[in-house]
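Take a look at the letters that make up each chain.
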Amino acid sequence: MKSKLNLDPAIIASARNAANNIAEDMQIFIERHTTVSTERTILRLLGVDGIDEVERPLPNIVVDAINEGGGLSRGIAYWMGNAMIKTGLSPQQISEKVSSGDLDLMKLETVSTKEAEAQIMPLVQEALDKIKLQSKKRDNYLSTIGEGKKPYLYLIVATGNIYEDVLQAEAAGRQGADIIAVIRTTGQSLLDYVPYGPTTEGFGGTYATQENFRIMRKKLDEVGEEVGRYIRLCNYSSGLCMPEIAAMGAIERLDVMLNDALYGILFRDINMQRTLVDQYFSRVIIGYSGIIMNTGEDNYLTTSDAIEEAHTVLASQFMNEQFALKAGIPEEQMGLGHAFEMDPNTENGFLLELSQAIMAKEIFPKAPLKYMPPTKFMTGNIFKGHIQDALFNMVAIWSGQGLQLLGMLTEAIHTPHLQDRMLAIENAKYIFNNARDIGEEVEFKENGIIQKRAQEVLNSAEKMLKEIEKEGLFSTIEKGKFAGVKRPKDGGKGLHGVALKDEQYFNPFITLMLGGGK
Amino acid sequence: MTDIAKIDLTKVKPYGDTMNDGMMQLSFTLPIPYSDEASEAAKVLARKMGLDEPAVVCSKDLGIGYTYFIMYGKCQHTVDFTTIKVNKIEVEIMDKYEVEKYIKENIQRDVVIVGACTGTDAHTVGIDAIMNMKGFHGHYGLERYKGIEAFNMGSQVPNEVLVAKAIEMNADAILVSQVVTQKDVHIPNMTQLVELLEAEGVRDKMVIVCGGPRISHELAQELGYDAGFGSDTYAEDVGTFIVTEMVKRKLV
């Protein structure tokens, strides 16, 4: 297809090549390391679940035990396989014994890596089969009851109480939502464990727990069957428990997951080594499970200027694309993020937003791009806010976005009320229908504002990527090139949970998941 | 031709298109199924709220047995505007250059300001707008002010860490941003900061300011802060308050 923006394919290719080199370089680091959260994820996939009397999750207790015993470098898969051979028990039973203090995994006689691996493989296969069954169920829904047209209408619920969330989600589903995202309680990203069970107390959101996932999934399936449209469920595979939550999402059939190491580094001050290693395993799981990943580039524009820093969004999208490819995520599951965040007082701001949105679509044509609504310049004037959201919807349909996070007229006031969601859906449906094929119909003036803007942004992004390629990603972040935030390589939260792998280390899931579904 | 009715400031009513028509618009949801009875219930409620001639101009089925209404009605109540008093920050706001000049003339050294989004709050939009170089809407942040040393600690900073930093930097002022205020999560957090500062014996040596879209000056004072800033606040508002307060309290 001819570029409407007259973008130079050679520059796109050069940017992509630089991003690939950046990701390659990082991949070497990633593959040498593991993390406590990576190891806990393996346990969860092996079926270890539950908490002790002070609500510590079993996966944490077991991984902390091998970490304290100096065994983290070998990986929990080895220790669990070894313990299974020596005790004849299941991973869950072994974990319970570790928790009660009746078993020390590090004090058992040890078998060879090969034996441990062979012991654990049937359980690994069982976990993969379970996930595949969920993917099949999704495919089955999509081929029977079907789905909404793109852009999918993506709505958030955030009451803090999973049961209240379910009610809000049910209403949104009936009104036309295609995706329900359950916002997490503020602060969960910094917990180094995943809370357990159904929860009813959260601030500005609801805890991501496996039980909460299950409760919401069940309701969305019911509503979806009733309205004849599959409703996707979204949550956050981010923060210190990134891969664990990805595993929980895979098991409970989530369809969309936020997943972006750069976001955690910049906006949650999570250690970059930790989260890049965590991101890799979580993306492998996400890719394998048919989940659409969402990246967090939109956030750069809430702290930096949306016009001046547009190229950082594109540069990050290029890198996220390469990181995702390395983890086996197909382009069709890459919900790269961007946003409509320019100051509404900008003359021709709409043209610039349109230009950038079409640019993203042209550069990542197969990706279901995730488009974020105005937030920074929402004021409390709900009437103006509704118009800002309308312009955002107009750009989305024009540029062919994949996932449309609907803006709320009450943004900047409160988490959405029931009627806010209805009004947002009505707004989007009106515009998407009324201007459905505008993108096919309209071309742009050669060297006009719209073409030039996209070319400029692409050029700057390519330049930035080449600099990062030279400098390395760690050092670029240390210098504050993204979102104007500086983060040291050895700073932030979670560094203590990173370990070098030893020669006998193995993670059975990564190999099999990258090998494909069969 | 008749004149329009004069305003009686002791009996003020909403204005739609005629003086004292009392017209108000409102919208809300009732947890009852979409029906004629639901609209009637909305009107009954509006009458109880003091609205005459309530009219449901739009109602929508929200899908779970709940109904949304947009309504108009004529307010019967009035307010006596002449008796209204609001607790506000009483200071003439200076612009960036005036603040810089004020520091040069009245403080004669750098003013150190430490800011953070405290507790579990991860939303730095507000503190960034006030403190960072770039600022917001064309109003430069405090970092760019000559004579101000601004240090933004970012998000999810525990109160203890903020206090330690403020003491270490010998700060003249602390800025606390609280954006997440659902279920009043900010209240205990903001109160704890003041308690910590008092325990450390530094409360009186610093100007303590908070801000956020749901923060009012009145609330701030209730919680023991010197000032609170809500929406539509820029760096110069906060800067002016801090430097004048320092001079007023002889903290220079």
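Counting restarts for each chain: residues are numbered from 1 in the order of the written sequence. Chain A is the first chain written and ligand 1 is the first ligand written, with later ones labelled in order. Reporting of local features is limited, given that this is a predicted model, to residues whose pLDDT is at least 70; pairs of side-chain atoms are given and counted only at 80 or more, and all residues count toward the totals for whole chains, interfaces and linings. With hydrogens and water set aside, each side-chain value is computed from the structure's full complement of heavy atoms.

With that settled, the discussion passes to the overall build of chain A. Under the DSSP-based scheme used, a helix requires at least four consecutive residues in state H or I and a strand at least two consecutive residues in state E, with every element numbered from the N terminus. When you go through chain A residue by residue, the secondary structure sums to 20 helices and 11 strands. Atoms counted for the radius of gyration: C-alpha only. Globule rule: 2.2 Å times the number of residues to the power 0.38. In summary, chain A has a C-alpha radius of gyration of 23 Å against a globular reference of 24 Å for 518 residues, a match within 12%. A principal-axis box enclosing the C-alpha atoms of chain A has dimensions of 75 × 55 × 40 Å. Only protein chains enter the area calculation, which uses a 1.4 Å probe; residues under 20% of their type maximum are buried, those over 50% are exposed, and those in between are partly exposed. In chain A, buried positions account for 64% of the 518 residues.

This next bit is on the packing of aromatic side chains. Geometry of aromatic contacts follows a simple scheme: Phe, Tyr and Trp rings, the Trp one being its six-membered ring, pair when their centres are within 6.5 Å, and the pair is stacked under 30 degrees between planes, edge-to-face over 60, tilted otherwise. The final tally for this structure, using the stated rule, is 14 aromatic pairs over all chains. Here the aromatic rings of B:Phe229 and B:Phe241 are separated by 6.2 Å at their centres, their planes lie at 75°, and the arrangement is edge-to-face. Separated by 12 residues along the polypeptide, B:Phe229 in strand 8 (residues 227–229) and B:Phe241 in helix 7 (residues 235–248) bring together distant segments of the chain. The pair B:Phe229 / B:Phe241 is uniform in exposure class, with both members buried. In this structure, A:Lys132 packs its charged tip against the face of A:Tyr288, placed 4.5 Å from the ring centre. Working rule: Lys NZ or Arg CZ, within 6 Å of ring centre, within 35 degrees of ring normal, means a charge sits over the ring.

Right, let's talk about helix 7 of chain B for a bit. Residues and elements named next belong to chain B. Helix span, as expected, comes to 1.5 Å for every residue beyond the first. Between its terminal C-alpha atoms helix 7 stretches 20 Å, which fits the 20 Å expected from 14 residues at 1.5 Å a residue. A large share of helix 7 lies buried, amounting to 12 of its 14 residues. Along helix 7, the positions that sit buried rather than exposed are Ala235, Glu236, Asp237, Val238, Gly239, Thr240, Phe241, Ile242, Val243, Thr244, Glu245 and Met246. If you follow the buried residues of helix 7, they end up packed against helix 2 (96–107), strand 4 (111–117), helix 3 (125–131), strand 6 (173–177), strand 7 (207–211) and strand 8. Looking at the residues trailing helix 7, positive phi occurs at lysine 250, about 55°. Pairs of residues are marked as contacts when any of their non-hydrogen atoms sit within 4.5 Å.

Our next topic: the environment of A:Leu153. Residues and elements named next belong to chain A. With respect to the element layout, leucine 153 can be found in strand 2 (residues 152–157). Residue leucine 153 is classed as buried on the basis of its relative accessible area of 4%. Along the chain, leucine 153 and aspartate 129 lie 24 residues apart, while their C-alpha atoms are 31 Å from each other. Excluding its chain neighbours within four sequence positions, the residues that come into contact with leucine 153 are Gly176, Ala177, Asp178, Ile179, Gln404, Leu406, Ile425, Ala428, Lys429 and Phe432.

For the rest of this paragraph, the subject is the interface of chain B and chain A. Across the contact, 27 residues belong to chain B and 33 residues belong to chain A. Buried surface at the junction of chain B and chain A, summed over both partners, amounts to about 2,400 Å²; 56% is from carbon and sulfur atoms. Salt bridges are counted wherever a side-chain nitrogen of Lys or Arg sits within 4 Å of a carboxyl oxygen of Asp or Glu. Seen at the junction of chain B and chain A, the total is 1 salt bridge. In this structure, B:Lys60 and A:Glu426 form a salt bridge, with 2.5 Å as the shortest nitrogen-oxygen distance. Residues adjacent in sequence count toward polar contacts only when both atoms are side-chain atoms; beyond that, a polar contact is any pair of N or O atoms within 3.5 Å, and within protein one must be able to donate a hydrogen and the other to accept it. At the surface where chain B touches chain A, the tally comes to 7 residue pairs in polar contact (both at pLDDT 80 or more). When residues of the side of chain B that touches chain A are traced back to their parent elements, those giving at least two are strand 1 (23–30) and helix 3 of chain B. Sorting elements by how many residues they give to the side of chain B that touches chain A places strand 1 of chain B first, with 4 residues. Note that Gly is not counted as nonpolar here; it falls among the polar residues with everything else outside the nonpolar set of Ala, Val, Leu, Ile, Met, Phe, Trp, Tyr, Cys and Pro and the charged set of Asp, Glu, Lys and Arg. Split by residue class, the side of chain B that touches chain A holds 11 nonpolar, 10 polar and 6 charged. Defined in terms of a 1.4 Å probe, buried area is the accessible area two parts forfeit on being brought together, summed over both.

We now examine the domain arrangement of chain B. Partitioning chain B into domains gives domain 1 (4–81) and domain 2 (96–248). For domain 1 of chain B and domain 2 of chain B, the distance between their C-alpha centroids amounts to 40 Å. Segmentation into domains, and thus their bounds, comes from an automatic or database assignment.

What follows covers the confidence of the model for chain B. The predictor attaches a confidence to each residue, and that confidence, scored 0 to 100, is pLDDT. For chain B, per-residue confidence averages 92 on the pLDDT scale, and 99% of positions sit at 70 or higher. Here the prediction assigns the complex a pTM of 0.88, and the interface score ipTM is 0.88.

Below, the discussion takes up the pattern of salt bridges. It is possible for side chains of opposite charge to pair when their charged atoms get near one another. Across all of its chains, the model carries 40 salt bridges over all chains by this definition. Between A:Arg274 and A:Asp192 there is a salt bridge, and its shortest N-O distance comes to 2.8 Å. Of this pair, A:Arg274 sits in helix 11 (residues 272–288) while A:Asp192 sits in the loop between strand 3 (179–182) and helix 8 (210–227); the two residues are 82 residues apart in sequence, bridging distant segments of the chain. A single burial state applies to A:Arg274 and to A:Asp192, both of which are buried. Put simply, B:Glu245 and B:Lys248 hold a salt bridge, and the shortest N to O gap is 3.6 Å. Here B:Glu245 and its partner B:Lys248 are both found in helix 7, 3 residues apart, which amounts to about one turn of the helix. Note on B:Glu245: relative accessible area 9%, which makes it buried. The class of B:Lys248 is exposed, set by a relative accessible area of 64%. One continuous salt-bridge network, built from bridges that share partners, spans A:Arg40, A:Arg44, A:Asp49, A:Asp192, A:Glu244, A:Arg274 and A:Asp278.

Glancing now at the environment of A:His33. All names here are of chain A. Assignment of secondary structure puts histidine 33 in strand 1 (residues 33–35). The buried category is assigned to histidine 33, whose relative accessible area is 12%. Measuring from C-alpha to C-alpha, the distance between histidine 33 and glutamate 225 comes to 44 Å, with 192 residues separating the pair along the chain. Contact partners of histidine 33, with chain neighbours within four places excluded, come to Val277, Val498, Ala499, Leu500 and Lys501. From its side chain, histidine 33 meets the backbone oxygen of phenylalanine 29 in a polar contact 2.8 Å long.

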